[in-house]
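# Fold and geometry: a report
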Amino acid sequence: MEKILVLDFGGQYNQLIARRVRDNNVYAEILPCTTPIEEIRSRGYKGIIFTGGPNSVYDESSPHYAKEILDLGVPVLGICYGCQLISWMRGGEVKTAPVSEYGKIEVTADTKSLLFKGIPEKSIVWMSHTDYIAKVPEGFSVIGTTDDCPCAAMENRAENIYAVQFHPEVTHSEYGKQLLHNFLYVICHCSGDWVMDDFIENTVAALREKIGDKKVILGLSGGVDSSVAAGLLSRAVGKQLTCVFVDQGLMRKDEGDFVEKTFTSLFDMRFVRVNCQEEFLSKLKGVTDPEEKRKIIGTEFYNVFWNEIRKEADKGFFAQGTIYPDCIESGKGDADVIKTHHNRVKMPEDIEFEGVIEPLCDLFKDEVRAVGEKLGIPKELVWRQPFPGPGLGVRIIGEITAEKVKILQEADAIFRDEMAKTGYEKQLSQFFAVLPDVKTVGVMGDHRTYDHLIALRAVTTDNFMTADWAQIPYDLLAKVSNRITNEVDHVNRVVYDITSKPPGTVEWE
Ligand code: XMP
């Protein structure tokens, strides 16, 4: 399979670059800029992309790279910081720009360059830089300019080295898609062999070979990733696969039954469901601190899960639905941990497996979904919105009780029902109900009530790092509010959360 390397210098769009390459049916992988050159050489890439990054190339502490990478004979494309780095590596001049450019800017391109093939001379690109290339290195020529940037793009055609100051990977760059296509197909001569049908076929064959006649155990959560991993493994080894589904009683209304029905009717596998709401609630009794709740739910989940696995006489392999973004080692250290999330599972020492299998570890989320659809997994699961591991536990503020879980499940089901009926759910990235630890006074008939409050939350976002609250039409909110107060016992008030992230987070805890 042909591969493109995205060499990560810490820019915010780095995963996006890899995804855009894959959108062109070419496999891309991201490696940190600390990866040794020998390793890069040995991996046989068709092309290399240097990403953007927050630093200035002339600072000694900034991430640099071995100059030999430009002599590998592999085509290179530098983007933003990557563009300046190429200039710096080859003896050009990079300095603080007299005018920083940020946002949509018109670029004038040399349309004779292979990089700009089929792109108009003038187009809009997305810029975000404070340094610029004041003088291009020897052997390079300028192939793009803007009013304030004398070198918005440069090339060394003889050596197949190209660089752009702007970001072709973001949609604001009008012809960014074409530019990346040119790099991949015209400059790197890729053929486009990364297609999902082939992926399924190759993965199923590789899984069969690796697993042989052994068993596999997978923890199924009902989320997209573990569901698709289950689908692939089932196709590969059928009944040799055991899926363990721990239902802690903190899922949405009827969700546990839906997951069980889907997997037992659609796929050939052993399905083990463990119902343990009572155990969870007793561990959570009296606990109100959000992080402590998360910790208890996480710990208890794995206790139940591993105990179930200990019962399996023949364990074989352990499979996980880990996806590519969970595995990437970033070029620039870790971002701040705001809340504890789980990705890879830590295994207890007393349980021995033949090995670990991660059939989705090369895929981005949208690719996982594409595979899921091709495997025939229902749309409700494949397009399921994100759902936190601790489930409704982080949507019930304060102590969690069985009564509160029921109230929240009913209110949430009404919200989802109305959003689905009107089709409005398609416009939202995530939406759900929250049960705050608040009671308020109301009136029903002639009676005073003192009952629970439900908060509705709906957001739109590209990446969940930031999010906007969704401007759901008032009549739709009115319908949801009306139904919740009429149909859900012990709720007498509904409010709508109008906080973006930041300063809020998507979940309330
Ligand atoms: P926040 O609340 O951090 O949420 O803005 C961002 C996205 O992450 C989901 N989320 C979680 N997912 N385990 C998960 O697997 C968790 O503990 C968790 N907490 C939040 C959240 O639903 C949103 O999509």
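## Digging into the overall build of the chain
- When its secondary structure is counted, the chain shows 14 helices and 19 strands.
- Computed over its C-alpha atoms, the radius of gyration of the chain comes to 26 Å, within 12% of the 23 Å expected for a compact globule of 509 residues.
- Dimensions of the chain along its principal axes, counting C-alpha atoms only, are 80 × 60 × 40 Å.
- Residues classed as buried in the chain amount to 54% of the 509 residues present.
- Look at the contacts in the chain between residues 6 or more apart in sequence, and 75% of them connect residues 24 or more apart.
- Summing over all exposed atoms, the chain offers an accessible surface of approximately 23,500 Å²; the carbon and sulfur share of this is 48%.

## Topic: empty space enclosed by the protein
- Overall, the coordinates contain one cavity of 30 Å³ or more when judged by the stated rule.
- By volume, the largest cavity amounts to about 60 Å³.
- Around the largest cavity, the lining residues are V107, F116, I119, S123, I124, V125, F166, S173, Y175, G176 and L179.
- Breaking the lining of the largest cavity down by element, the ones donating at least two residues are β6 (122-135) and α4 (176-187).
- Sorting elements by how many residues they give to the lining of the largest cavity places β6 first, with three residues.
- Classifying every residue of the lining of the largest cavity by side-chain character gives eight nonpolar, three polar and no charged.

## Notes on the sheet that holds strand β13 (residues 317-319)
- Reading across from one edge, β12-β11-β10-β13-β14 is the order of the five strands in this open sheet, with parallel pairing throughout. Only two strands of the sheet have a single neighbouring strand rather than two, namely β12 (270-275) and β14 (356-357).
- Both β13 and β14 contribute to a ladder of two bridges, which runs parallel. Bridging from a neighbouring strand, A319 pairs with I357 of β14.
- Helix α7 (residues 255-266) rests against β11 (241-247) and β12 of the sheet, and its axis sits at about 170° to β12.

## Concerning the packing of helix α8 (residues 277-284) against helix α9 (residues 290-310)
- Where α8 contacts α9, the two axes come as close as 10 Å, and the packing angle between them is 145°. α9 is crossed by α8, and the crossing has right-handed handedness. Contacts between α8 and α9 involve E279, F280, K283 and L284 from the former and K293, I296, I297, E300, F301 and V304 from the latter.
- A breakdown of the residues in the contact of α8 with α9 according to their chemical character gives six nonpolar, no polar and four charged.

## Digging into the sheet that holds strand β2 (residues 27-32)
- In spatial order, the strands read β2-β1-β3-β4-β9-β8-β7-β5-β6; together these nine strands make up an open sheet with mixed pairing. Because the sheet does not close on itself, it has two edges, and the strands there are β2 and β6. Neighbour-to-neighbour, the strand axes of the sheet open up by a mean angle of 20°, direction not taken into account.
- Both strand β5 (residues 93-109) and strand β7 (residues 141-145) contribute to a ladder of two bridges, which runs antiparallel. Bridge assignment links A109 to a residue of β7, and that residue is G144.

## A few points about helix α14 (residues 474-487)
- For α14, which comprises 14 residues, the first-to-last C-alpha distance of 20 Å matches the rise-based estimate of 20 Å (1.5 Å per residue) to within 8%.
- Along α14, the residues that are buried comprise L476, L477, V480, R483, I484 and T485.
- Contacts made by the buried residues of α14 are with α13 (402-422), β16 (439-444), β17 (447-460) and β19 (491-496).

## Examining the environment of A158
- Note on placement: A158 falls in the loop between β8 (153-156) and β9 (161-164).
- Once the C-alpha coordinates of A158 and Y450 are considered, the two residues, 292 residues apart in sequence, prove to be 78 Å apart.

## So, the nonpolar core
- With 50 residues, the main nonpolar core has I309, M419, I454, L456, I472 and I484 as its most contacted residues.
- The element best represented in this core is α13, accounting for seven residues.
- When sequence neighbours within four positions are dropped, the list of residues in contact with I484 reads A411, I414, I454, L456, V491 and V494.
- With 40 residues, the next largest nonpolar core counts L232, C243, V259 and A319 among its residues.

## Structural notes on the pattern of salt bridges
- Summed over the entire model, instances satisfying the criterion amount to 35 salt bridges.
- Between R483 and D417 there is a salt bridge; the shortest N-O distance is 2.8 Å. With R483 in helix α14 and D417 in helix α13, the pair connects residues that are 66 residues apart, well separated along the chain.
- Classification of R483 as buried rests on a relative accessible area of 18%.
- For D417, a relative accessible area of 31% translates into the label partly exposed.
- The residue K479 makes a salt bridge to E418 at a minimum N-O spacing of 3.8 Å. Taken together, the positions of K479 in helix α14 and E418 in helix α13 put the pair 61 residues apart, joining distant regions of the chain.

## Comments concerning the confidence of the model for the chain
- A residue-level look at the chain finds 97% of positions with pLDDT of 70 or above and a mean pLDDT of 94.
- Taken together, the stretch residues 332-342 has pLDDT below 50 and engages in 12 contacts with residues farther than four places along the chain or on a different chain.

## What to know about the packing of aromatic side chains
- Counting across every chain of the model gives 18 aromatic pairs.
- Ring centres of W469 and Y496 lie 6.2 Å apart, and the angle between their planes is 75°; this geometry places the pair in the edge-to-face category. Of this pair, W469 sits in strand β18 (residues 468-469) while Y496 is found in strand β19, placing the two residues 27 residues apart along the sequence.
- Looking at W469, the relative accessible area reads 27%, which means it is partly exposed.
- Using a relative accessible area of 19% as the deciding quantity, one classes Y496 as buried.
- Of the aromatic side chains, those joined through ring pairs into one cluster are F301, Y302, F305, W306, F318 and F353.
- It is R252 that lies over the ring of F387; its NZ or CZ is 4.4 Å from the centre.

The rules we used
Residues numbered from 1 in each chain as written. Predicted model: local features only at pLDDT ≥ 70, side-chain atom pairs only at ≥ 80, totals over all residues. Heavy atoms only, no water. Helix = DSSP H or I, 4+ residues; strand = E, 2+ residues; numbered from the N terminus. Rg over C-alpha atoms; globule rule 2.2 N^0.38 Å. Buried < 20%, exposed > 50% of the residue type's maximum accessible area, 1.4 Å probe, protein only. Contact = heavy atoms within 4.5 Å. Areas by Shrake-Rupley, 256 points an atom, 1.4 Å probe, with all protein chains shown as cover. 1 Å grid on protein atoms, 1.4 Å probe; cavity = no way out; pocket = protein on both sides within 12 Å on 5 of 7 lines; lining within 4 Å. Points joined across faces, edges and corners; volume = space filled by probe spheres on them. Nonpolar A, V, L, I, M, F, W, Y, C, P; charged D, E, K, R; others polar. Pairing = 2+ DSSP bridges. Axes fitted to C-alpha atoms, helices over the stretch in contact; angles between N-to-C directions. Left-handed = near helix turned anticlockwise from the far one by under 90°. Expected span 1.5 Å × (residues − 1). Core = buried A, V, L, I, M, F, W, Y, C linked by side-chain atoms within 4.5 Å. Salt bridge = Lys/Arg side-chain N within 4 Å of Asp/Glu carboxyl O. pLDDT = per-residue confidence, 0-100. Phe/Tyr/Trp six-rings, centres within 6.5 Å; stacked < 30°, edge-to-face > 60°. Lys NZ or Arg CZ within 6 Å of the ring centre and 35° of its normal.

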